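Inside the fold
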Amino acid sequence: MRTLKVKLFMALLAMTVYGLYAQEKTTQAFWVHEDVVKPSMVNDYEAICKELTDNMKKHNIQEINVMVSNTLDDRYMWISPISSMADIEKPVFATLAEKMGGTAMTDLFNKMDKCYDIEQNYVLNLNEELSYMPEGMTLTPEGQPYRKFHYFHYSPGNRAAVKKNVQAIKNMFASKGSKLHYRVYQSGFGTRGEFYLVAVAAKDAADYAAKVSENNAMLGDEWAELYNEFRGSLTKYEQFEGQMRPDMAYSPSSM
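Residues numbered from 1 in each chain as written. Predicted model: local features only at pLDDT ≥ 70, side-chain atom pairs only at ≥ 80, totals over all residues. Heavy atoms only, no water.

**Here we look at the layout of surface pockets**
- Looking at the largest pocket, its volume works out to about 820 Å³.
- If you trace the largest pocket, you find 26 residues lining it, with Trp-31, His-33, Ser-80, Val-92 and Phe-93 closest to the centre.
- At the level of elements, strand S1 (27-37), helix H2 (42-59), strand S3 (75-82), helix H3 (85-89), helix H5 (104-113) and strand S4 (116-132) are the ones that each hand at least two residues to the lining of the largest pocket.
- Top element by residues in the lining of the largest pocket is S3. It accounts for five residues. (1 Å grid on protein atoms, 1.4 Å probe; cavity = no way out; pocket = protein on both sides within 12 Å on 5 of 7 lines; lining within 4 Å. Points joined across faces, edges and corners; volume = space filled by probe spheres on them. Helix = DSSP H or I, 4+ residues; strand = E, 2+ residues; numbered from the N terminus.)

Right, dumping it as structure tokens:
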């Protein structure tokens, strides 16, 4: 039964990724591993993760490329770009386990597992057409580690209307030359329900608040009306503060 469930899971994920890349190249899929860390174990968790990252750097592991972000409610998201089903199936830690030797890597992961009771895996799809990044797409704007994550949940039956409003918002921002840039991600395989995730980068919370205030003043009543219409098409709205963690992220050096 377990084998059957695994095969069904992989088949469904393959269809998700295939469907994404059958579209025009305006999207990028990301595999997200999320650890919901116990508040009392945050320091231990970060120390273990940094030890893992240090070992990947030491051995220049080529199979792994991951960004890390954490939110104020102690969720840590390990975010890796994927281009095909093969990326999901690769044993990305096999080389690291060999380089560290013995049970060193397994012991590290066993210690990490004690830091949380909940972990999740899912796909998010970056949608460049709906994102507003007039200076060029980047996930990590220089000097702006702060993140505000906005989750706009909607019902499947309202999908077209919500997308129309998201596009209208981008068009308004572009026509007015807004300085509030953002990236739009769509929920994918493994997420609970459908949503748009809008990520806004800033230097810190004060810088974010200043950007929002300036944007609202620039766009005026027209923006307020459009945003209220958009909110009216949703089932739920959530927002979370977070930050990017380059100290825990990893990209291999060229060989």
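Moving on, there is more to tell.
**Regarding the sheet that holds strand S8 (residues 236-244)**
- Pairing within the closed barrel is antiparallel, and its eight strands lie in the order S1-S3-S2-S8-S5-S7-S6-S4. Neighbouring strand axes in the sheet, compared pairwise and without regard to direction, differ in orientation by 35° on average.
- For S1 and S4, the ladder comprises 11 bridges, and the chain directions are antiparallel. Each residue of the ladder has a partner; that of Ala-29, found in S4, is Asn-125.
- Lying on the sheet, helix H6 (residues 159-176) is in contact with S4, strand S5 (146-154), strand S6 (182-187) and strand S7 (194-202); it crosses S4 at an angle near 60°. (Pairing = 2+ DSSP bridges. Axes fitted to C-alpha atoms, helices over the stretch in contact; angles between N-to-C directions. Contact = heavy atoms within 4.5 Å.)

**Topic: empty space enclosed by the protein**
- Tallied over the entire structure, the rule returns one cavity of 30 Å³ or more.
- In this structure, the largest cavity encloses a volume near 200 Å³.
- Contributing to the lining of the largest cavity are 17 residues, with Ile-79, Phe-149, Tyr-185, Leu-197 and Ala-199 lying nearest its centre.
- For the lining of the largest cavity, the element with the most residues is S5, which contributes three residues.
- Taken together, the residues of the lining of the largest cavity break down into 14 nonpolar, one polar and two charged. (Nonpolar A, V, L, I, M, F, W, Y, C, P; charged D, E, K, R; others polar.)

**Thoughts on the nonpolar core**
- Formed by 23 residues in total, the largest nonpolar core has its most connected members in Val-162, Ile-169, Phe-173, Tyr-182, Tyr-196 and Phe-230.
- Only S4, S5, H6, S6, S7 and helix H7 (205-231) provide two or more residues apiece to this core.
- Beyond its immediate chain neighbours, meaning those up to four positions away, Phe-173 contacts Tyr-132, Ser-178, Leu-180, Tyr-182, Asn-215, Leu-219 and Trp-223.
- Judged by nonpolar contacts, the second largest core, of 22 residues, contains Tyr-45, Met-100, Met-112 and Met-248. (Core = buried A, V, L, I, M, F, W, Y, C linked by side-chain atoms within 4.5 Å. Buried < 20%, exposed > 50% of the residue type's maximum accessible area, 1.4 Å probe, protein only.)

**Quick look at the environment of Gly-190**
- Position of Gly-190 relative to the elements: it lies in the loop between S6 and S7.
- Sequence separation between Gly-190 and Gln-120 is 70 residues, and the spatial gap between their C-alpha atoms is 8.4 Å.
- Excluding residues within four positions of it along the chain, Gly-190 makes contact with Asn-121 and Tyr-122.

**Digging into the confidence of the model for the protein chain**
- Here the protein chain averages 90 in pLDDT, and 89% of its residues register 70 or above.
- Confidence drops under pLDDT 50 across residues 1-23; counting only partners more than four residues distant or on other chains, this segment forms 25 contacts. (pLDDT = per-residue confidence, 0-100.)

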